[in-house]
Amino acid sequence: MNSDVTQIAQQVNSLYDFLLITSGIACAILIFGMIYFAVKYKRKTNNDKTPYISHNSFLEFLWSFIPLVIFMIVFAWGWIIYHEMRKFPKDSLEVHVTAKQWQWDFTYKSGKTSANEFYVPVNKPVKLIMTSMDVIHSFYIPSMKIKQDVVPGRYSALGFKAEKLGEFYVFCTEFCGTAHSAMMAKLKVVSQADYEKWLQETDEGLSMAQLGAKYYNEKGCVACHSLDGSKRVGPSWKGLFGMKDHEMEGGEKLIADENYIRTSILNSQDKIVKGYGPRSAMPAYQGQLNEKEVAALIEYIKELK
Amino acid sequence: MGSLSDKNYLNEFPGIWSWLTTLDHKRIGLMYLGAVMFFFLVGGIMALLMRLELFAPGGQIFSGDGYNQVLTYHGAIMVFMVIIPGIPAVLGNFFLPIQIGAKDVAFPKLNLASWYVFMSGALLAVTTFFTTKIDTGWTFYTPYSIRTQTAVVTMVLAVFIMGMSSILTGLNFIVTVHKLRAPGMTMFRIPLFVWAIYSTAIIQVLATPILGITVLLLAAEKILGIGVFDPKLGGDPVLFQHFFWFYSHPAVYIMILPAMGIISELIATFSRKTIFGYTAIAFSSIGIAAVSFFVWGHHMFVSGQSEFAGVVFSFITMLVGVPTAIKMFNWLATLYRGSISFEAPMLYALGFLFLFAIGGVTGIMLASIGLDVAFHDTYFVVAHFHYVMVGGTLMALMGGIYYWLPKMFGKMYNELWAQISFVFIFIGFNVTFFPQFILGEKGMPRRYFDYVIPYESLNRVSTVGSWLIAIGFVISLIVIIQSLRKGAKAPANPWGGKTLEWTVTSPPPHHNFDVEPVITAGPYEYR
Ligand SMILES: [Cu+2]
Ligand SMILES: [Cu+2]
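Bear in mind that the values here come from a model prediction, so they are computed numbers and not experimental data.

Novice: Help me understand the overall build of chain B, please; the structure alone is not making it clear to me.
Specialist: Secondary structure assignment for chain B yields 15 helices and 0 strands. Its C-alpha atoms give chain B a radius of gyration of 23 Å, within 12% of the compact-globule value 24 Å for 527 residues. Projected onto the principal axes, the alpha-carbon positions of chain B cover approximately 70 × 45 × 45 Å. Going through the 527 residues of chain B one by one, you find that 67% of them count as buried. When contacts within chain B are restricted to residue pairs at least 6 apart in sequence, those whose partners lie at least 24 apart make up 82%. As presented, chain B carries roughly 16,700 Å² of accessible surface, and 73% of it is formed by carbon and sulfur atoms. Considering chain B, the positive charge centre built from 28 side chains and the negative charge centre built from 23 side chains are found 9 Å apart.

Novice: Can you help me understand unusual backbone geometry in this one?
Specialist: Apart from glycine, the bulk of residues carry a negative phi angle, and the bulk of peptide bonds sit in the trans form. Between Thr 142 of chain B and the following residue, Pro 143 of chain B, the backbone shows a cis peptide bond with an omega angle of -5 degrees. Phi is positive for Asn 123 of chain A, close to 60 degrees, though the residue is something other than glycine. Among the secondary structure elements, Asn 123 of chain A is positioned in the loop between strand E4 (117-121) and strand E5 (126-132). If you check the backbone angles, Asn 512 of chain B has positive phi at about 70 degrees while not being a glycine. Counting through the fold element by element, Asn 512 of chain B comes out in the segment after helix H15 (456-486).

Novice: Honestly, the nonpolar core in this entry has me stumped. Any pointers?
Specialist: The tendency in soluble globular proteins is for nonpolar side chains to be buried side by side. Judged by nonpolar contacts, the single largest core of 261 residues is most densely connected at Trp 104 and Phe 139 of chain A together with Phe 80 and Phe 352 of chain B. A total of 21 residues in this core trace back to one element, the largest contributor, which is helix H3 (residues 64-99) of chain B. By size, the runner-up hydrophobic cluster in this structure holds 25 residues, among which are Cys 221, Leu 266, Tyr 285 and Val 294 of chain A.

Novice: Which parts of the structure should I look at to understand a nonpolar patch on the surface?
Specialist: Residues and elements named next belong to chain A. On the surface, a cluster of nonpolar side chains totalling about 700 Å² of accessible area is made up of Phe 58, Leu 59, Phe 61, Leu 62, Phe 65, Ile 66, Val 69 and Ile 73. Tracing the backbone shows Ile 66 in helix H2 (residues 57-85). Ile 66 gets classed as partly exposed once you look at its relative accessible area, which sits at 44%.

Novice: Honestly, the coordination of the copper ion (ligand 2) in this entry has me stumped. Any pointers?
Specialist: Between any two of four tetrahedral donors, the ideal angle at the metal is 109.5 degrees; between two of six octahedral donors, it is 90 or 180 degrees. Residue and element names in this part refer to chain B. Taken together, His 249 (ND1), His 298 (NE2) and His 299 (NE2) make up the full set of protein donors to the copper ion (ligand 2), lying 1.6 to 2.0 Å away. The sequence pattern describing where the donors of the copper ion (ligand 2) fall on their chain is H-x48-H-H. Of this pair, His 249 sits in helix H8 (residues 237-271) while His 298 sits in the loop between helix H9 (278-291) and helix H10 (307-335), placing them 49 residues apart in sequence. Each member of the pair, His 249 together with His 298, is buried.

Novice: Before we go on, may I ask you to explain the packing of helix H2 (residues 25-53) of chain B against H15 of chain B in this structure?
Specialist: All names here are of chain B. Across the interface, H2 lies against H15 with an axial gap of 9 Å and an inter-helix angle of 155 degrees. Of the possible angle classes, the one that applies to H2 and H15 is roughly antiparallel. For the crossing formed where H2 meets H15, the hand is left-handed. When H2 is examined against H15, the residues Met 37, Phe 40, Leu 48, Arg 51 and Leu 52 are found in contact with a partner set consisting of Asn 459, Ser 462, Thr 463, Ser 466, Trp 467, Ala 470, Phe 473 and Leu 477. Among the residues forming the contact of H2 with H15, the class breakdown is 8 nonpolar, 4 polar and 1 charged.

Novice: Looking at this model, I keep getting lost on the coordination of the copper ion (ligand 1). Mind explaining?
Specialist: Residue and element names in this part refer to chain A. For the copper ion (ligand 1), every protein donor is listed as His 137 (ND1), Cys 172 (SG), Cys 176 (SG) and Met 183 (SD), and the spread of their distances is 2.0 to 2.6 Å. Viewed at the metal, the 4 donor atoms of the copper ion (ligand 1) are separated by angles of 89 to 124 degrees, and the geometry they form is tetrahedral. In terms of primary sequence, the donors binding the copper ion (ligand 1) are separated according to H-x34-C-x3-C-x6-M. You can see His 137 sitting in strand E6 (residues 137-141) and its partner Met 183 sitting in the loop between strand E9 (166-172) and strand E10 (184-190), a full 46 residues away along the chain. Each member of the pair, His 137 as well as Met 183, carries the same accessibility label: buried.

Novice: I tried to follow the sheet that holds E5 of chain A on my own but got confused; where do I start?
Specialist: Adjacent strands of a sheet pair through backbone hydrogen bonds, lying either parallel or antiparallel. Residue and element names in this part refer to chain A. As summarised here, the arrangement of the 5 strands in space is E3-E2-E1-E5-E8, forming an open sheet in which the pairing is mixed. On the outer flanks of this sheet lie strand E3 (113-115) and strand E8 (156-160), each paired with one strand and no other. Going across the sheet, the axis of each strand differs from the next one's by a mean of 25 degrees, ignoring polarity. Judged from the 7 bridges that link them, strand E1 (residues 93-100) and E5 form a sheet pairing that is parallel. What sits directly across from His 96, in E5, is Ile 129.

Novice: How should I be thinking about the interface of chain B and chain A in this particular structure?
Specialist: The accessible area lost on association of the parts is a frequent measure of interface size. With 93 residues of chain B in contact, the opposing surface of chain A contributes 78 residues. Regarding the contact of chain B and chain A, the summed buried area is about 7,500 Å², with carbon and sulfur atoms giving 67% of it. Inspection of the chain B/chain A interface yields 2 salt bridges. A salt bridge links Glu 441 of chain B to Lys 145 of chain A; the nearest nitrogen and oxygen atoms lie 3.3 Å apart. Remark: the boundary between chain B and chain A carries 28 residue pairs in polar contact (both at pLDDT 80 or more).

Novice: Where do I start with the pairing of strand E7 (residues 146-150) of chain A in this structure?
Specialist: Regular strands show a simple pattern: their side chains alternate between the two faces of the sheet. Residue and element names in this part refer to chain A. The buried fraction of E7 amounts to 5 of the 5 residues, a majority that puts the element mostly inside the structure. Along E7, one buried face is formed by Ile 146, Gln 148 and Val 150 and the opposite face, lined by Lys 147 and Asp 149, is buried too. Here E6 runs beside E7; their pairing, made up of 5 bridges, is antiparallel. Bridging across to E7, Phe 139 finds its partner in Gln 148.

Novice: Please explain the side chain of Ser 476 of chain B as it appears in this structure.
Specialist: All names here are of chain B. Turning to its location among the elements, Ser 476 is positioned in helix H15. Engagement of the side chain of Ser 476 in a polar contact is seen with the side chain of Tyr 402, the distance being 2.6 Å. In this structure Ser 476 touches Tyr 348, Met 398, Tyr 402 and Ser 421, once residues within four positions along its chain are discounted.

Each value, and the rule that gives it
- Residues numbered from 1 in each chain as written.
- Chains lettered and ligands numbered in written order.
- Predicted model: local features only at pLDDT ≥ 70, side-chain atom pairs only at ≥ 80, totals over all residues.
- Heavy atoms only, no water.
- Helix = DSSP H or I, 4+ residues; strand = E, 2+ residues; numbered from the N terminus.
- Rg over C-alpha atoms; globule rule 2.2 N^0.38 Å.
- Buried < 20%, exposed > 50% of the residue type's maximum accessible area, 1.4 Å probe, protein only.
- Contact = heavy atoms within 4.5 Å.
- Areas by Shrake-Rupley, 256 points an atom, 1.4 Å probe, with all protein chains shown as cover.
- Lys, Arg positive; Asp, Glu negative; His and termini not counted.
- Charge placed at Lys NZ, Arg CZ, Asp CG, Glu CD.
- Core = buried A, V, L, I, M, F, W, Y, C linked by side-chain atoms within 4.5 Å.
- Patch = residues over 30% accessible without salt bridge, like charges linked within 9 Å, V, L, I, M, F, W, Y side chains within 5 Å.
- Salt bridge = Lys/Arg side-chain N within 4 Å of Asp/Glu carboxyl O.
- Donors = N, O, S within 2.8 Å, 3.2 Å for Na, K, Ca; no water.
- Axes fitted to C-alpha atoms, helices over the stretch in contact; angles between N-to-C directions.
- Parallel < 35°, antiparallel > 145°, perpendicular 65-115°, else oblique.
- Left-handed = near helix turned anticlockwise from the far one by under 90°.
- Nonpolar A, V, L, I, M, F, W, Y, C, P; charged D, E, K, R; others polar.
- Tetrahedral: all angles 85-135°; square planar, octahedral: opposite > 155°, others 65-115°.
- Pairing = 2+ DSSP bridges.
- Buried area = accessible area lost by both parts, 1.4 Å probe.
- Polar contact = N/O pair within 3.5 Å; in protein donor to acceptor, adjacent residues only side chain to side chain.

Next comes the structure, spelled out in structure tokens:
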């Protein structure tokens, strides 16, 4: 992961390097000092005499004062960076972020919305205005070295200015339950032109299955259901459609047809696949998805053989 | 004359009933030892299962919920039932009275009551494992803990009860140190272990009530729907974090100060040398205890707390580093021109210095607010606190157990196997936790049941390390059991220690001293 994508990341890395060096020296003094003394003053006879040294004011002053000075440098340096992190330039691009278990929703001023992935133009300061619908989450962009808790009932903000194009992970770093580790988003830093193109993008011209693939990412299905057969929080979608003898909790076996998938999406507690119970981790999507969206997802699943 | 006959505290009164009703601080210490060892085994198995799950990305042996439950029990058991009671309630109970020349603690009945209170809290906590397993993490953060359907209320009541026990034990120790010191045992002649337990007791008494009130509020909110923490009811979820860390940061020092006390004893004894800077070490214990109450906000740098508050907390946290550095250098200076031998307890003490140095410097990194924003809630933090809590506290506890085993049971242990066990634990520990610093620096968040591919190889290394640690502890368990079964008889003073417990027989008589000792010099008079 590229670390110098922002000025802040660069500053954080310099402070970290400084600390690695000073810490390395401090640990070396302690550890090699210890090993040296241990070897040199190994017990020779059972009647060794040891000197009575109760203290040494000068030495004790030194090893309290020198660490204190280093700590103060590190403190001030950290403060400067922290202050920088919390600056939000007036011309920032503002994006609203709504967190919920286990999905990130993004809303732009134009009305454009997206889920689990968002675009920003390069070299433009961005301010995320964030809140949560349920529990506390935390918005973390590892390659930019920044994070901010996202708290229900209030707004918090996170700012950055990306100086390189690329795709970056966003992780949730406040424990939020079942699919906490799957609560990821992609940040795409693109050119101004690409950004504007993305803002205009609509669903026109996509097939049902292509739309379904889009919703798979945007509606958060991706967090729990894999496409390659691997087991995540929920069962994989690979080869799901048309599966015979599909066994539920409680032993019932059924055929995975359109109605089964529809029920599983809208009322996830009704039918729970064996091994994923007794309660389903999946929120019910009744009222969250419209008929077109459900149909598109079903068509998408049909293609995942 | 007890010491001339074969009578000692272990055999003077026979039968299980005499144990369950004992008022002897030594027996109560051993009863805590049994409980703590059992819970350590359980918490340790949980840790191994977690590492197994993390051996590869995707689900291995758990579902997301299953992993979250195991992670919660690992944390809660290790914190509330192992590390917090570990040193004070086991070794503190046994040796604090003897080291100050007392016959027992100030309130023996209260001491026994504390054990029962602790056990009922612990058992209540265990019951949740068989109902709806709790999945909040040991921190019970709101509003998640309010909304989850799991047994949060039972668990926090258990924590409340165990906290009560911790308060009573602390109170008992404070009064004991003030009132029961032998003639001539001035405050500046008490061993540093006693200073450490005493400082810890102050924190236990002052900080634990905050935890009690916090978890009661949480329970009240869950049962009665009073809106304290849930924003849906007009509460403030971040308030919970303030309350929680107002206890739980000082609790970090409940965990580490006693360990530092043990290290002072081990280094002095195995170097056969007066401790360097007795007064500085004693006062730095008190200093750490005092400052520890004003740093809780360093857990909340990204919670939305104001910049001013964050900066103040960062500053005060840096100040805790100073007395800690003083202790480290004082121990190092004690080795200088000593007569050092390397029995298992000393190996653990040197291991402590090594690991705690790394735990300490990474603590400074996390205290620096700009860097903490990057590292907060990543594996860097996980690695840091394991270096401090396991590399620090647990290594000291192991060292302390080997050091005092001959005194507690009157039996020696197998030195070679004890040292082999140390090597496994020490190497395994570094293999497990050092890669986690790198994982955290690369951005892997903690409490993740699944992770992206770039984190795979370091997670593998870490999991392999956990197996080495497990081997080490299994060896230690066998060494201890074998020593109890057929260890050679221990002399009164196998290590050449100078503190009072080495002046009485091994194991000590029921009332510790046949003749009340009169103290005329400091605790580490090697001259
Ligand atoms: Cu989350
Ligand atoms: Cu803290």
